[in-house]
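# Examination of the molecular architecture
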Amino acid sequence: MLDPFAGAGDARSAARGLDAPGAAERLFAGLEDAGGLVLAVSGGPDSIALMLLARRWREALARDGRRAPNIRVAAVDHGLRADSRKEAQAVVVWAADAGFDGAVLAWEGEKPAARLQERARRARYALLFSHAARVGARVVATAHHADDQAETILFRLLRGSGPSGLAGMAALRERDGLLHARPLLGCAKAELVALCENEGHPFFIDPSNADPRFARARLRALMPLLEAHGLGREALLRLGRRAARAQAALARQAQELGAAARRDDGALDLSGFAGAPGEGLEEALLRVAGAQIEAVGGAPARLDRLEALTDRLARAIERREPCVATLGGALLKLDAQGILRARRETGRRGA
């Protein structure tokens, strides 16, 4: 269901694929029983294509005598450009033409000067998922596509991510108690633009996508050069597929080892991780420790900090020494017997 790498071939074959019989049904497969679905539509070609494909999907389900989920459209107005409200209102009109109820969600208040795109993205998701909860929708669908996936993998590669990060964006993940779906991750951007053009549907171009002040735009400008040196979209997606396989195998190993180490009182007996680096268990220990932090309400830790913690734990286990550490708002205490106990840290944030 919703394979994040499926169909991400060259743009010409992908374009033919979107017009093939059953293409829309395959893209949205698994979401038939969602109950309610909010489409995040900015007005750009990617999200307009998402809306058009959702309409095809709904029509295909109706032809088969099946009921589609209640589909709504939401346009987020970040208030960062003079025309943003007008564009969001145009999206609502286009949604009505497609047979969907639409709403404009505004990011109110003063806008930050630093890390603007990151904070705008957080605000966008907060608005979308709050809206979905209000209208009784269980799923929010965004129009991330194969080119976005490749850029994400490159961005994370440059930041030194591990297998989890290099696997790219998930096609389906839980967020704020709801589901975030990305049905178009297997589609090239060129085919989504072609879909809009073939249907004669207008769309907007966001100038910030090419603004060199933003890291994503700078990476995007580098893609032709990287492509010429063998690190184009297909190579990055291949890296993502391989990282996803490794991530799945490592996650299974960590889950099994964590379950075997868990005691009745909730603590973990990590004495079996003695000599972890030599036995290839260091990655599993890292994941077990990270899962324990999140289990007590801590925040997901940055990889470099989690690696430093894992190194401390591994040395303490090997030497049969106690170890106390804080990370992500969790307090971890390892005793000399290798028993790890964790709880939510109180009084201050984790280091």
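Residues numbered from 1 in each chain as written. Predicted model: local features only at pLDDT ≥ 70, side-chain atom pairs only at ≥ 80, totals over all residues. Heavy atoms only, no water.

### A word on the overall build of the protein
Assigned secondary structure in the protein consists of 13 helices and 10 strands. The C-alpha radius of gyration computed for the protein amounts to 23 Å, which stays within 12% of the reference 20 Å derived for 351 residues, consistent with globular compactness. Summarising its shape, the C-alpha atoms of the protein cover approximately 70 × 50 × 45 Å along the three principal directions. Relative to its full complement of 351 residues, the protein shows a buried share of 44%. At a minimum sequence separation of 6, the contacts of the protein that also span at least 24 residues come to 67%. About 17,800 Å² of surface is accessible on the protein, with carbon and sulfur atoms providing 50% of the total. Within the protein, one finds 52 positive and 44 negative side-chain charges whose respective centroids are separated by 3 Å. (Helix = DSSP H or I, 4+ residues; strand = E, 2+ residues; numbered from the N terminus. Rg over C-alpha atoms; globule rule 2.2 N^0.38 Å. Buried < 20%, exposed > 50% of the residue type's maximum accessible area, 1.4 Å probe, protein only. Contact = heavy atoms within 4.5 Å. Areas by Shrake-Rupley, 256 points an atom, 1.4 Å probe, with all protein chains shown as cover. Lys, Arg positive; Asp, Glu negative; His and termini not counted. Charge placed at Lys NZ, Arg CZ, Asp CG, Glu CD.)

### Looking at the packing of aromatic side chains
All told, the structure shown has 3 aromatic pairs when counted by the stated rule. Centre to centre, the rings of Trp 94 and Phe 204 are 5.1 Å apart; their planes meet at 25°, and the pair counts as stacked. Of the two residues, Trp 94 is situated in helix 4 (residues 84-97) and Phe 204 in the loop between helix 8 (189-198) and helix 9 (215-228); the sequence distance between them amounts to 110 residues. On the basis of relative accessibility, which here comes to 24%, the residue Phe 204 falls in the partly exposed class. Sitting over the ring of Tyr 125, Arg 175 keeps its end group 4.1 Å from the ring centre. The ring of Phe 155 carries Arg 216 above its face, with NZ or CZ at 5.3 Å from the centroid. (Phe/Tyr/Trp six-rings, centres within 6.5 Å; stacked < 30°, edge-to-face > 60°. Lys NZ or Arg CZ within 6 Å of the ring centre and 35° of its normal.)

### Points about the nonpolar core
Of all hydrophobic cores here, the largest spans 39 residues; its most connected members are Phe 28, Leu 39, Met 51, Trp 57, Val 73, Phe 100 and Leu 184. Elements supplying a minimum of two residues to this core: helix 2 (23-27), strand 1 (36-40), helix 3 (45-63), strand 2 (70-77), helix 4, strand 4 (139-141), strand 6 (178-181) and helix 8. Element by element, the count of residues in this core is highest for helix 3, at 9 residues. Leu 270, Ile 293, Ile 317 and Ala 325 belong to the second largest nonpolar core, which has 25 residues in total. (Core = buried A, V, L, I, M, F, W, Y, C linked by side-chain atoms within 4.5 Å.)

### Considerations on the confidence of the model for the protein
Mean pLDDT over the protein works out to 89, with 92% of the residues at or above the 70 mark. At the level of individual helices and strands, the protein shows its lowest average pLDDT in helix 11 (residues 276-279), which scores 49, and its highest in strand 4, which scores 98. When the criterion is pLDDT under 50, residues 7-15 qualifies, and its contacts beyond four places in sequence or with other chains add up to 17 contacts. (pLDDT = per-residue confidence, 0-100.)

### Side note on unusual backbone geometry
With a phi close to 50°, Arg 115 is a non-glycine residue in the positive phi region. Look at Arg 115 and you get partly exposed, because its relative accessible area is 46%. A positive phi angle, near 55°, is found at Asp 176, a position not held by glycine. For Asp 176, a relative accessible area of 62% corresponds to the exposed category.

### Comments concerning the pattern of salt bridges
Across all of its chains, the model carries 18 salt bridges by this definition. Among the salt bridges present, the one from Arg 341 reaches Asp 335, with a minimum N-O distance of 3.7 Å. Ionic contacts of the salt-bridge type, sharing partners, join the residues Asp 19, Arg 55, Arg 56 and Glu 199 into one network. (Salt bridge = Lys/Arg side-chain N within 4 Å of Asp/Glu carboxyl O.)

### Thoughts on a positive patch on the surface
On the surface, a cluster of positive charge is made up of Arg 238, Arg 241, Arg 242 and Arg 245. With respect to the element layout, Arg 245 can be found in helix 10 (residues 233-261). (Patch = residues over 30% accessible without salt bridge, like charges linked within 9 Å, V, L, I, M, F, W, Y side chains within 5 Å.)

### What to know about the sheet that holds strand 9 (residues 330-334)
In sheet architecture, strand pairing relies on hydrogen bonds along the backbone and comes in two forms, parallel and antiparallel. Taken together, the 4 strands give an open sheet; going across it, the order is 7-10-9-8, and neighbouring strands pair in antiparallel fashion. The open sheet has two free edges, formed respectively by strand 7 (268-269) and strand 8 (323-327), since each of these has just one partner strand. Sheet analysis places strand 8 next to strand 9, joined by 5 bridges and oriented antiparallel. Looking at strand 9, one finds that Ala 325 is bridged to Leu 332. Contacting strand 8, strand 9 and strand 10 (339-344), helix 13 (residues 303-319) runs over the sheet at an angle of about 170° to strand 8. (Pairing = 2+ DSSP bridges. Axes fitted to C-alpha atoms, helices over the stretch in contact; angles between N-to-C directions.)

### Overview of the pairing of strand 9
On a regular strand, each side chain points to the face opposite its neighbour's, so the side chains alternate between the two faces of the sheet. Of all 5 residues making up strand 9, 4 are buried, and the element is well covered by its neighbours. Hairpin remark: strand 8 followed by strand 9, antiparallel, with 2 residues in the connecting loop; positive phi at Gly 328, about 65°. In the sheet, strand 9 pairs with strand 10 via 5 bridges, with the strands oriented antiparallel. Among the inter-strand pairings, Leu 334 is bridged to a residue of strand 10, identified as Leu 340. The loop that links strand 9 with its antiparallel partner strand 10 comprises 4 residues; one of these, Gly 338, has a positive phi angle of about 85°.

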